[in-house]
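Chain and residue survey
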Amino acid sequence: MKKILVTGAKGMLGHDLCPTLEDAGFEVFETDLHNLDITNPEQVEKVLTAEKPDAVVHCAAYTNVNKAEEDTETAMKINEGGTENLAKTCAKLDIPIVYISTDYVFDGTKKEAYLPYDKPNPLNAYGLTKLKGEEAVQRHCTKFYITRTSWLYGLHGKNFVETMISLADKPELKVVDDQIGCPTWTQELADGITTLLTEEAPFGIYHICGSGKTSWYGFAKEIFELAGLKVNLLPCKSDEFPSPAKRPQYSVMYNDNICRTWKAALKDYMKLRGE
Ligand SMILES: NC(=O)c1ccc[n+]([C@@H]2O[C@H](COP(=O)([O-])OP(=O)(O)OC[C@H]3O[C@@H](n4cnc5c(N)ncnc54)[C@H](OP(=O)(O)O)[C@@H]3O)[C@@H](O)[C@H]2O)c1
């Protein structure tokens, strides 16, 4: 049986990924801050050498996009430095690495879906730290999957779907309609990563996100419809809600049909959370 070491196993994606890998027949070694701090290079080398995994799926990250603007040093230490520690050790021990990246590596000026090898140009600090992580993986490793995803939601973390539902009792709710992207359920991403590993897909960069596209407003509208909630939902522009981190206006990614449509996935997620 092949063994996969997962970083950030207690995070939103990690929660869905670990059982999905196990269901596919992998042995999973779960790590998180308590047993593997990725910013500690000695610990990274010690744990990987002791566990000898057949692959590492690296989900751990500094993920607070707005906070990363002022706390860039910490975000860089984790997203670039931590990833470089893993990449160096994986290269030394000849272990393939899967690095989870983001649509925020793109600037959003393209008018059609981003392809995996389009040129990144992040607009915010978080996107820059994640791009530096991608570069570290490419610099040190030949056996890598960089999987970019976007607008993640899942049962085990703070996310847009749960935020919208918690705000449903407001008299009116304004949501931006001038940022377009691909909502992605963590379960769909977990399935996509598992498929790359089971099929031993060619190494390289992949986009694993919901198919189709929508705005945050369109996403919210669908959430309320599926939840059967009547909400006075109003579209607005990003400049009505100034936030510390600038977001790309159009971060739709071409995903080679790895995932279903974002609407089909959201429907299943809403059914699951309603149980
Ligand atoms: N969420 C999104 O919308 C989104 C979109 C695109 C890409 N991504 C990427 O997808 C991946 C998974 O995201 P997620 O939403 O599941 O993130 P998450 O819920 O924030 O989980 C990240 C995990 O990493 C852990 N971690 C932080 N610093 C660490 C360190 N130094 N050593 C070891 N573990 C550490 C965190 O532990 P603590 O909680 O204890 O700090 C947490 O358990 C990340 O790489 C993220 O950049 C996310």
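Attention here is on the structure that accompanies the text. The model shown is predicted, which means the values in this text are computed figures rather than measured ones.

Here we come to the site of the ligand. By nearness alone, 26 residues border the ligand, and G8, G11, A60, A61 and L152 come closest of all. When the residues that make up the shell around the ligand are grouped by side-chain class, the tally is 12 nonpolar, 10 polar and four charged.

Before going further, it helps to spend a moment on the packing of helix 2 (residues 41–51) against helix 4 (residues 72–93). Two numbers describe how helix 2 lies on helix 4: the axes approach to 9 Å, and their chain directions differ by 35°. Crossing angle aside, the handedness with which helix 2 passes helix 4 is right-handed. Facing helix 2, whose interface residues are P41, V44, E45, L48 and T49, helix 4 presents N85, L86, T89 and L93. Class assignment for the residues of the contact of helix 2 with helix 4 results in five nonpolar, three polar and one charged.

Moving on to the sheet that holds strand 4 (residues 97–102). Strand order across the open sheet formed by six strands is 2-1-3-4-5-10, with parallel pairing between neighbours. Each edge of the open sheet carries a strand with a single partner, namely strand 2 (27–30) and strand 10 (204–207). Pairwise comparison of adjacent strand axes, ignoring direction, gives a mean angle of 20° for this sheet. Both strand 5 (residues 144–149) and strand 10 contribute to a ladder of four bridges, which runs parallel. By the bridge assignment, R148 is partnered in strand 10 with H207.

On the secondary structure map, I4 appears in strand 1 (residues 3–7). When the 24 C-beta atoms within 10 Å are taken as the criterion, I4 is described as buried. C-alpha of I4 to C-alpha of N121: the two residues are 117 residues apart in sequence and 31 Å apart in space. The contacts of I4, once residues within four sequence positions are left out, are L21, F26, V28, P53, D54, A55, V57 and L197.

Before going further, it helps to examine the environment of A264. Of note, A264 is situated in helix 9 (residues 262–274). For the pair A264 and S211, spaced 53 residues apart in the sequence, the C-alpha separation amounts to 9.4 Å.

This next bit is on the environment of D268. Note that D268 resides in helix 9. Owing to 14 C-beta atoms within 10 Å, D268 belongs among the partly exposed residues under this scheme. Separated by 204 residues in sequence, D268 and N64 place their C-alpha atoms 26 Å apart.

Attention now moves to helix 4. Under the 1.5 Å per step criterion, the end-to-end length of helix 4 is 30 Å for 22 residues, consistent within 8% with the ideal 32 Å. Note on helix 4: the residue one or two positions beyond its end, D94, has a positive phi of about 60°.

Thresholds, definitions, all that
Residues numbered from 1 in each chain as written. Predicted model: local features only at pLDDT ≥ 70, side-chain atom pairs only at ≥ 80, totals over all residues. Near = placed C-beta within 6 Å. Nonpolar A, V, L, I, M, F, W, Y, C, P; charged D, E, K, R; others polar. Axes fitted to C-alpha atoms, helices over the stretch in contact; angles between N-to-C directions. Helix = DSSP H or I, 4+ residues; strand = E, 2+ residues; numbered from the N terminus. Left-handed = near helix turned anticlockwise from the far one by under 90°. Contact = placed C-beta atoms within 7 Å. Pairing = 2+ DSSP bridges. Buried ≥ 20, exposed ≤ 12 C-beta atoms within 10 Å, placed from the backbone. Expected span 1.5 Å × (residues − 1).

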